[in-house]
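# What the coordinates show
In case you want the letters, here they are:
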Amino acid sequence: MRPPIAADPPGGPGFDYRLLHRVPATAVAQFLALERRLQAAVQDVPGFLGESGPRYVGRIQGQPAQRSIHLYESILRFDGLESFLQWMDSPIRRAILEPSEQQGYAYEGSADWEGYARWLAQSVRGRVPLWKTNLLVLLVLYPTVMALTMALHGLPWDFHAKLLLGNVGSVAITGWLLVPWVSRLYGPWAEGLGSPGERALALASIVGLLVAMLQLFRSLPATLW
């Protein structure tokens, strides 16, 4: 029986990672067997809290001569970023996945937006409105994703490998560096401290930075993407 998603451990928030699996209709049984092997292997990883899924979420209907693709979602939870990265880079995990990837199994991953929100909420003293948390996450996540997309563009890897590396890279950079930094920088604004003018200036600076980054990335050559 799969362990359920656990509650946040005392002293720190859990970290959720969502995986979307693309499974050919003829390979569903093999996929479910693969998931059972991965679920058994991850139990021994320090910091693993639980897994939800795989849950069937739909399918992509192919052309008459093509196979349809079934979509499954699973969510992994760890006690922190370091434990998650340890599992993603585990030789045991790679050894289990490689034969299936060579036969066409593919997946996409993304960090749960709410996981970043929990990091930010833990970094400030008072209660933080959700819209402020989301705005600060966007401030650091947007440029990180765009920069990694450019950095990985020229690598001779397939789309799914680049996507996974980009997600892991963005999680590591934002989780270890940028989220703590932005929470210190904008902590007073997030908590509603300071004068009305100071709070307005902080909000304006965030919006201004996002607009400036949007214009910067728009101005770059399309060949970088």
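What counts, and at which threshold
Each residue is numbered by its place in its chain's sequence as written, counting from 1. Totals for whole chains, interfaces and linings use all residues, but because this is a predicted model, local features are given only for residues with pLDDT of at least 70 and pairs of side-chain atoms are given and counted only at 80 or more. Think of the side-chain values as coming from all heavy atoms in the structure, minus any hydrogens and water. For the purposes of this entry, the term helix denotes a DSSP run of H or I that reaches at least four residues, the term strand denotes a run of E that reaches at least two, and both are numbered from the N terminus. Contacts between residues were defined by any pair of non-hydrogen atoms, one from each residue, lying within 4.5 Å. Values of accessible area rely on a 1.4 Å probe in the Shrake-Rupley scheme; residue burial ignores everything except the protein chains shown. Aromatic rings from Phe, Tyr and Trp, taking only the six-membered ring of Trp, are treated as a pair when their centres fall within 6.5 Å; an angle between ring planes under 30 degrees marks them as stacked, one over 60 as edge-to-face, and anything in between as tilted. Residue exposure (1.4 Å probe, protein chains only): buried if accessible area is under 20% of the type maximum, exposed if over 50%, otherwise partly exposed. Whenever a nitrogen or oxygen atom comes within 3.5 Å of another N or O atom, the pair is scored as a polar contact, on the condition that within protein one atom can donate a hydrogen and the other can accept it, and that pairs from neighbouring residues in sequence are kept only if both atoms are in side chains. We define a salt bridge as a side-chain nitrogen of Lys or Arg found within 4 Å of a carboxyl oxygen belonging to Asp or Glu. By this rule, a helix spans an expected 1.5 Å times one less than how many residues it contains. As used here, the arc belongs to the directions running from the helix axis to the C-beta atoms.

## Brief notes about the overall build of the protein
- When its secondary structure is counted, the protein shows 8 helices and 4 strands.
- Secondary structure elements of the protein occur, N-terminal to C-terminal, as β-α-β-β-α-α-β-α-α-α-α-α.
- Put simply, of all contacts in the protein between residues at least 6 apart along the chain, 75% involve residues at least 24 apart.
- As presented, the protein carries roughly 12,400 Å² of accessible surface, and 62% of it is formed by carbon and sulfur atoms.

## Remarks on the packing of aromatic side chains
- Under the criterion given, the structure shown has 8 aromatic pairs.
- Measuring from ring centre to ring centre gives 5.0 Å for F31 and Y72, while their planes differ by 40 degrees; the resulting arrangement is tilted. Residue F31 is located in helix α1 (residues 28-42), and its partner Y72 is located in strand β3 (residues 69-78); the two are separated by 41 residues in the primary sequence.
- On the accessibility criterion, Y72 (10% relative accessible area) is buried.

## Quick look at unusual backbone geometry
- Geometrically, the link from G53 to P54 is a cis peptide bond, its omega value of 10 degrees lying close to zero.
- Here P54 lies in strand β2 (residues 48-60).

## Notes on the side chain of S74
- Relative to the assigned elements, S74 resides in strand β3.
- Relative accessible area serves as the criterion here: at 0%, S74 is assigned to the buried category.
- A distance of 2.8 Å separates a polar atom in the side chain of S74 from a polar atom in the side chain of H21.
- Setting aside chain neighbours within four positions, we find S74 in contact with Y17, R18, L19, H21, E35, E51, S52, G53 and P54.

## Considerations on the pattern of salt bridges
- Following the criterion strictly, the structure yields 2 salt bridges and no others.
- The closest approach of N and O atoms between R18 and E73, which form a salt bridge, is 3.8 Å. Here the residue R18 occupies a position in strand β1 (residues 15-24), and E73 occupies one in strand β3, the gap between them amounting to 55 residues.
- R18 sits in the partly exposed class, given a relative accessible area of 29%.
- Beyond isolated ion pairs, a larger network of salt bridges with shared partners links R18, R55 and E73.

## Regarding the environment of V57
- Mapped onto the elements of the fold, V57 is located in strand β2.
- According to the relative accessible area criterion, V57 is partly exposed, its value standing at 39%.

## Section: α1
- Counted at 1.5 Å a residue, the expected span for α1 with its 15 residues is 21 Å, and the 21 Å between its end C-alpha atoms agrees.
- By the burial criterion, the buried members of α1 are V28, F31, L34, E35, L38, Q39, A41 and V42. Axial view of α1: buried residues confined to an arc of 160 degrees, hence all on one face. Turned more than 90 degrees from where α1 packs its buried face, A29, Q30, R36 and R37 sit exposed.

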